[in-house]
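An overview of the molecular structure
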Amino acid sequence: MFFTYLRRELRRRRKAALVVASGLALGIALVIVVNSVSQGMGKAQDQVLQSLYGLGTDMTVTKAASAPAGDDSERPRFRFDARSSDDDSTQSSDRVMVQGFQTLSASTVAKVGEQSGVSDAVGGLSLQVLKVSGQFTRGQFQQDGGGGELRRGGDGGPQGGVQGGGADFDVNSYSVYGTDVTEPGLGPLTSSKITSGRTFRTTETNAKVAVADSAYAKEKKYTVGSTVTVKDVTFRVIGIATADSGDPAADLYLPLGQAQTLSDAKNKVTTIYVKATDSQRIDGVKAEIQKNVPGTTVTTSADLADTVSGSLSTASSLATEVGRWLSLAVLVAAFLVAGLLTSSAVSRRVREFGTLKALGWKSGRVTGQVVGEAVVGGLAGGALGIALGLAGAYAVTAVSPSLQAQLGGTGGGGGFSGGGPAGPRRTAAKTLDVALTAPVSVATIVLAVGLAVAGGLVAGAFGGWRASRLRPADALRRVE
Amino acid sequence: MYELKNVTKRYTRGKDTVHALDGIDLTIADGDRLVIQGPTGGGKSTLLQMLGALDRPTSGDIVLDGTDLATLTEARLTKVRSENIGFVFQSFNLIPTLTAQENVETALVPLGIKAKERRELAADALKSVGLAERLGHLPGEMSGGQQQRVAIARAVVKKPKVLLADEPTGNLDEGTRDEIMDVLERLWKEHGLTFVMVTHDSTLAKKAPRLATLRKGRITVTENART
């Protein structure tokens, strides 16, 4: 009887039921889309941060910024001999520079590793290689006039000019990252997958081997087994790595010892990657390191996330602030409308409920009927809302709008200061393009179903309360 | 069966107090057939509601088979209604979305009877009022007379002790009125019911063996020797 009555009643009031269900559906769909987009934003942000950090890194330690040196001793200088014009040999020279020119002693890595709450710490060295190669030829003096006639100038010397000569050269700049091969679980290389060949072995601490980023390898036509020469040292490419985010930490990865030798930075690192024992204690560990290891800057994921700007940040704020409030407002409105419509439906059915009570139906049974109808309406709205929400989330994922994330664009102190291998301060803000997706989690669906039931119960509570208070004599008297 | 002693019912609306029933004393024996008549606002429907355990009096006793309805809780009154009292209303009061059979079943729901048995009992009740062919029809698909027959079937399906009818022919034409009255009288006799009916219809009142007239909350009972 309960279900028959419920079904027939919902069919009779299908317009009102549709209004209630549609309102709830809209609210629930908004909640799903906003939640999914928020999750997508979080994922995109993680992706951005991961491209700098690698997996498993909770914070990085870099040298605290100091005033830039006034001289230009750190600028790369190239010297080439001028050759005669008929000498077409190529001259080449490369300079290996530490990115950001700020290094920490390798002993700092051990010191950071000893701090309480630190599970693991590993150093890395970011380098920038600038290679200039080409032909540099001398000009030749040509005397003016033909037929051997000499013209003289004011000083009586021979007149003429230098012709020809010059330079035809190519500048190639790429980044190199010296990775601690004994700690393969930490550092920027963890955000890349080896798509060809292999990664470093823990024994290859000083081997002349390299892993190339796939994009760089494609550009330079490197394959596993190719050789790469950096500052006259030849390395064998043992693997090709593809960055998960599409934005690699470096073009070339070398064992840390080799990178230190190339850059004359023996026992130096630019960044220390730290993994905390407890992800809930990151702030405490940060404070501990800053206190006990002076002259360093500690950057956590949260600090780095704060420096994310650009359309990703704007969209994230929009989803968090506007989206959440909008969906909440729509939900509240939908709940209210559902409640009022149910209550109004009870008013129109006073005689019906009065009659049922006169026949001996308990108040609880009548209330249950009203609540049941409202809950079924709510569930229908929920199902519609889930369908709409899934469609919305699918549409967002299908379109995959590209969002731009800028990291470290805050300019001065307090902002991003070298969390990643790009180096501290002097490095320009890093810009990444990430595609926004809207993954719908099981938790979101559970939330939606919960909201649908809650919506039905709220609506049912309005109507059920009225129905339960209905005294049969009053109900029948009112319609006489 | 029914023993009413000094029953009063007052309604207060703002500063005004209406004495719907003013010291009613009435006895209705088992199997009795009582017609209540009187002008509008005289207290007829209020008295019927008291007899039907739909409302409690302001003062006085309403004893049904030894139980004073005036002192029962709402839950107990509900139980009394579900087991002992059948109602027939002027406007039929059928659930518009339920079929004739389902409408009759609603009276059996509070008794906890299983669905299959409910359906059978409802079908039998509808057959007894001449609606065997209309089990699956909705109220909107039936005439006023047929709807009232469904309401009568609903009132008697649970085999109550008392049948209370509030102007059961008030919305019907003369021909249909007589048909309905024939059905009610037949069931009254067949089931040995105590039958109390409120009516404005003098023709029906004249046929009643006992006639109670309510004016301004006071009752006068006359026995009709012709019936």
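Here the structure is a predicted model, which is why all the values come from computation and not from measurement. (Residues numbered from 1 in each chain as written. Chains lettered and ligands numbered in written order. Predicted model: local features only at pLDDT ≥ 70, side-chain atom pairs only at ≥ 80, totals over all residues. Heavy atoms only, no water.)

A separate point is the overall build of chain A. Within chain A, the regular secondary structure consists of 12 helices and 17 strands. When the accessible area of chain A is evaluated, it comes to approximately 22,500 Å², of which 54% is carbon and sulfur surface. (Helix = DSSP H or I, 4+ residues; strand = E, 2+ residues; numbered from the N terminus. Areas by Shrake-Rupley, 256 points an atom, 1.4 Å probe, with all protein chains shown as cover.)

Along the backbone of chain B there are 7 helices and 10 strands. Counting over 227 residues, chain B shows a buried share of 56%. Long-range contacts, defined here as pairs at least 24 residues apart, represent 69% of the contacts in chain B between residues at least 6 apart. Summing over all exposed atoms, chain B offers an accessible surface of approximately 9,700 Å²; the carbon and sulfur share of this is 47%. (Buried < 20%, exposed > 50% of the residue type's maximum accessible area, 1.4 Å probe, protein only. Contact = heavy atoms within 4.5 Å.)

Turning next to helix α9 (residues 350–358) of chain A. Residue and element names in this part refer to chain A. Among the 9 residues that make up α9, 8 are buried, leaving the element largely enclosed by the rest of the structure. Within α9, the full set of buried residues consists of V350, E352, F353, G354, T355, L356, K357 and A358. Just downstream of α9, G360 is the residue with a positive phi angle, here 110°.

Residue and element names in this part refer to chain A. Close contact between helix α1 (residues 2–12) and α9 brings their axes to 15 Å; oriented N to C, the two are set at 165°. If you check the angle between α1 and α9, you find them roughly antiparallel. Two packed elements cross with a definite hand, and for α1 against α9 that hand is right-handed. Taken together, the residues of α9 that come into contact with α1 (itself represented by Y5, E9 and R12) are E352, F353 and L356. Tallied by class, residues from the contact of α1 with α9 come to 3 nonpolar, no polar and 3 charged. (Axes fitted to C-alpha atoms, helices over the stretch in contact; angles between N-to-C directions. Parallel < 35°, antiparallel > 145°, perpendicular 65-115°, else oblique. Left-handed = near helix turned anticlockwise from the far one by under 90°. Nonpolar A, V, L, I, M, F, W, Y, C, P; charged D, E, K, R; others polar.)

Two faces, one strand: in a regular strand the side chains alternate between the faces of the sheet. Residues and elements named next belong to chain A. Counting buried residues along strand β1 (residues 59–63), 4 of its 5 residues qualify, which places the element largely inside the surrounding structure. Alignment of β1 against strand β15 (residues 296–300), held across 5 bridges, turns out to be antiparallel. Bridge pairing links T60 to T299 in β15. Looking at chain direction, β1 and strand β14 (residues 271–276) are connected through 4 bridges and run antiparallel. The residue bridging V61 from the neighbouring strand is I272, located in β14. (Pairing = 2+ DSSP bridges.)

The subject of this paragraph is the side chain of T213 of chain B. Residues and elements named next belong to chain B. Here T213 lies in strand β9 (residues 210–215). A residue is classified by how much of its surface remains accessible, and T213, at 19% relative accessible area, is buried. Excluding anything up to four places from it in sequence, T213 contacts Q37, G38, R218, I219 and T220.

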